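Residues per chain, in single letters:
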Amino acid sequence: MTTAKEAAQRRVRAVGDQLTGLSHRIHAHPELAFEEHRASRWVAEALNDAGFDVRHGCYGLPTAVEATIGSGPTHIAVCAEYDALPDVGHACGHNVIAAAAVGAGIALAPLADELGLTVRVLGTPAEEGGGGKILMLEQGAFDGLRAAMMVHPAAVEMAAMPGLAVTQFDVTYRGKPAHAGAYPELGVNAADAMTLAQVGIGLLRQQTTASDRIHGISTEAGVAPNIIPDVSRGHWMVRTDSMDTLKPLADRVHRCFEAGALATGCELTTTPVGPDYADLRPDKDLLALWVANAKALGRSFPDLPSSVVGAATDMGNVSHVVPTIHPMLGLDCGPAVNHQPEFAAACVTATADRAVLDGATGMAWTAIDIPHTARDKP
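Not measured: the values here are computed from a predicted model.

Parameters and conventions
- Residues numbered from 1 in each chain as written.
- Predicted model: local features only at pLDDT ≥ 70, side-chain atom pairs only at ≥ 80, totals over all residues.
- Heavy atoms only, no water.
- Buried < 20%, exposed > 50% of the residue type's maximum accessible area, 1.4 Å probe, protein only.
- Helix = DSSP H or I, 4+ residues; strand = E, 2+ residues; numbered from the N terminus.
- Pairing = 2+ DSSP bridges.
- Axes fitted to C-alpha atoms, helices over the stretch in contact; angles between N-to-C directions.
- Contact = heavy atoms within 4.5 Å.
- Core = buried A, V, L, I, M, F, W, Y, C linked by side-chain atoms within 4.5 Å.
- Salt bridge = Lys/Arg side-chain N within 4 Å of Asp/Glu carboxyl O.
- Expected span 1.5 Å × (residues − 1).
- Polar contact = N/O pair within 3.5 Å; in protein donor to acceptor, adjacent residues only side chain to side chain.
- 1 Å grid on protein atoms, 1.4 Å probe; cavity = no way out; pocket = protein on both sides within 12 Å on 5 of 7 lines; lining within 4 Å.
- Points joined across faces, edges and corners; volume = space filled by probe spheres on them.
- Nonpolar A, V, L, I, M, F, W, Y, C, P; charged D, E, K, R; others polar.

Caption draft 1: Seen up close, the pairing of strand S9 (residues 231-240). With respect to burial, S9 is a largely interior element, eight of its ten residues being buried. Bridge count for strand S8 (residues 213-220) against S9 is seven bridges, and the pairing is antiparallel. Counterpart to Glu 220 in the pairing with S9 is Arg 233.

Rendered as structure tokens:
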């Protein structure tokens, strides 16, 4: 096993410049959810060159990738994300995720049959919105797996991200326009409805748990200050600890929007946006393997306050049906954190490049360990 790990590490080092180059290229060309045409093609090409059987545009998604190598009885998947955020680009470091996943695949490729592995690298679109992994899960991309894994950059190292369940939806109020100066009494103000809903949500937060999150934006609230707004729109998200508590909290939030409509006389429409993300449930045995391998690579895990609350990921849905890990690779970039421009800048530094190589090596080592664990099932 040690010899296999040494071979995997040598392989990652041999292609290190290729991997960090891929990370930087994806970072320089950010693409939004379901639009990752260049990034997905670059991932597919790198894996094809490494001898994988590659499908680009699969499971009903033009920017999904499936690359397979090996014929062993233990099937594992490594997930690559590559979508960016509006305006701030790769401020969640998906360029690092994609390159590390490709690196893990390349490291395992010549070893797979010897180790009894079938290795599947999955390029999964639209994690930031759209739930690409959920759509692929429903289409069978994760069937028959012993394990699924990925790594994700963060400000600090974490063995497991405390991932929340999340739902999101669009809100539209429709009222009636009128001259705001001459005939305001003839108008039905849709912007007021949104304001009242937000006040209600602000008060609701006092009666929610410490880890609950309710947040959103107004995307339209009128066209001119002298016209009563007849349409207002928003996009909102609700997060909580588990799928069990998600719907009850979302129902309370929806009642705040209903109150805005009732108070103003507006018509309310709410529309779900994408599938709900489930809470992330890391597999403890796989996690122990990852932690041991990460420490062997010189990575350390600082003590974090218990109040740390995670984000959400569509890898959570995968974790409910397949043993899964989703460790966070610290970039030591504080005070910058995910979804800030400063974090985007940190994702193409020397520290981020090391995260690519450590992530690739650590996932390859963890995959090598899997067939030797007592829980393995052919």
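Caption draft 2: Region of the structure containing the sheet that holds S8. Reading across the sheet, the four strands line up as S8-S9-S7-S10 and stay open at both edges, with antiparallel pairing between neighbours. Of all strands in the sheet, those bounded by a partner on one side alone are S8 and strand S10 (267-272). Sheet twist, expressed as the mean angle between neighbouring strand axes with direction ignored, is 20°. Where strand S7 (residues 165-174) and S9 come together, ten bridges link them in antiparallel fashion. Looking at S9, one finds that Phe 169 is bridged to Trp 236. In the packing of helix H7 (residues 190-204) onto the sheet, the strands contacted are S7, S8 and S9, and the crossing angle to S9 comes to about 20°. Where helix H8 (residues 243-264) meets the sheet, its contacts fall on S7, S8, S9 and S10, and the angle it forms with S7 comes to roughly 15°.

Caption draft 3: View of the sheet that holds strand S4 (residues 117-123). As summarised here, the arrangement of the six strands in space is S1-S2-S4-S3-S5-S11, forming an open sheet in which the pairing is mixed. What marks the edges here is a single partner per strand, and that holds for strand S1 (53-58) and strand S11 (324-325). As paired elements, S1 and strand S2 (residues 61-69) share five bridges and run antiparallel to each other. Looking at S2, one finds that Val 54 is bridged to Ala 67. Across the face of the sheet, helix H3 (residues 37-49) comes into contact with S1, S2 and S4 while running at roughly 165° to S1.

Caption draft 4: Fine view of the nonpolar core. Within the largest apolar cluster, 69 residues are counted, with the highest numbers of intra-cluster contacts made by Phe 52, Ile 76 and Val 119. At ten residues, the largest contribution of residues to this core is made by helix H4 (residues 94-108). Not counting chain neighbours up to four residues away, the residues in contact with Val 119 comprise Phe 52, Ala 67, Thr 68, Ile 69, Ile 76, Leu 108 and Ala 112. With 23 residues, the next largest nonpolar core counts Leu 61, Ala 148, Ala 154 and Leu 280 among its residues.

Caption draft 5: How the structure looks around the pattern of salt bridges. A full pass over the atoms with the stated rule returns 13 salt bridges. Among the ionic pairs, Arg 41 bridges to Glu 45, the shortest N-O distance being 3.7 Å. Of this pair, Arg 41 and Glu 45 both sit in helix H3, separated by four residues, roughly a single helical turn. Residue class for Arg 41 comes out partly exposed when judged on its relative accessible area of 35%. Given a relative accessible area of 41%, Glu 45 falls into the partly exposed group. The closest approach of N and O atoms between Asp 285 and Lys 284, which form a salt bridge, is 3.6 Å. The class for Asp 285 is partly exposed, based on a relative accessible area of 29%. One connected set of salt bridges, linked through shared partners, spans Glu 157, Arg 299, Arg 354 and Asp 358.

Caption draft 6: Expanded view of helix H9 (residues 284-296). With 13 residues, H9 extends 18 Å between its outermost C-alpha atoms, agreeing within 8% with the 18 Å of an ideal straight helix rising 1.5 Å per residue. Within the span of H9, buried status applies to Leu 286, Leu 287, Leu 289, Trp 290, Val 291, Asn 293 and Ala 294. Residue Asp 283 occupies the N-cap position of H9, its side-chain oxygen lying 3.2 Å from the main-chain nitrogen of Asp 285. With its phi angle positive at about 95°, Gly 298 sits one or two positions after the end of H9.

Caption draft 7: Spatial organisation of the layout of surface pockets. By volume, the largest pocket is sized at about 1,200 Å³. Considering the residues around the largest pocket, the lining is formed by 39 residues, among which Leu 85, Glu 128, Arg 239, Ala 311 and His 339 are closest to the centre. Breaking the lining of the largest pocket down by element, the ones donating at least two residues are strand S6 (152-154), S7, S8 and S9. Top contributing element to the lining of the largest pocket by residue count: S8, with four residues. Looking at the lining of the largest pocket residue by residue, the class counts come to 23 nonpolar, twelve polar and four charged.

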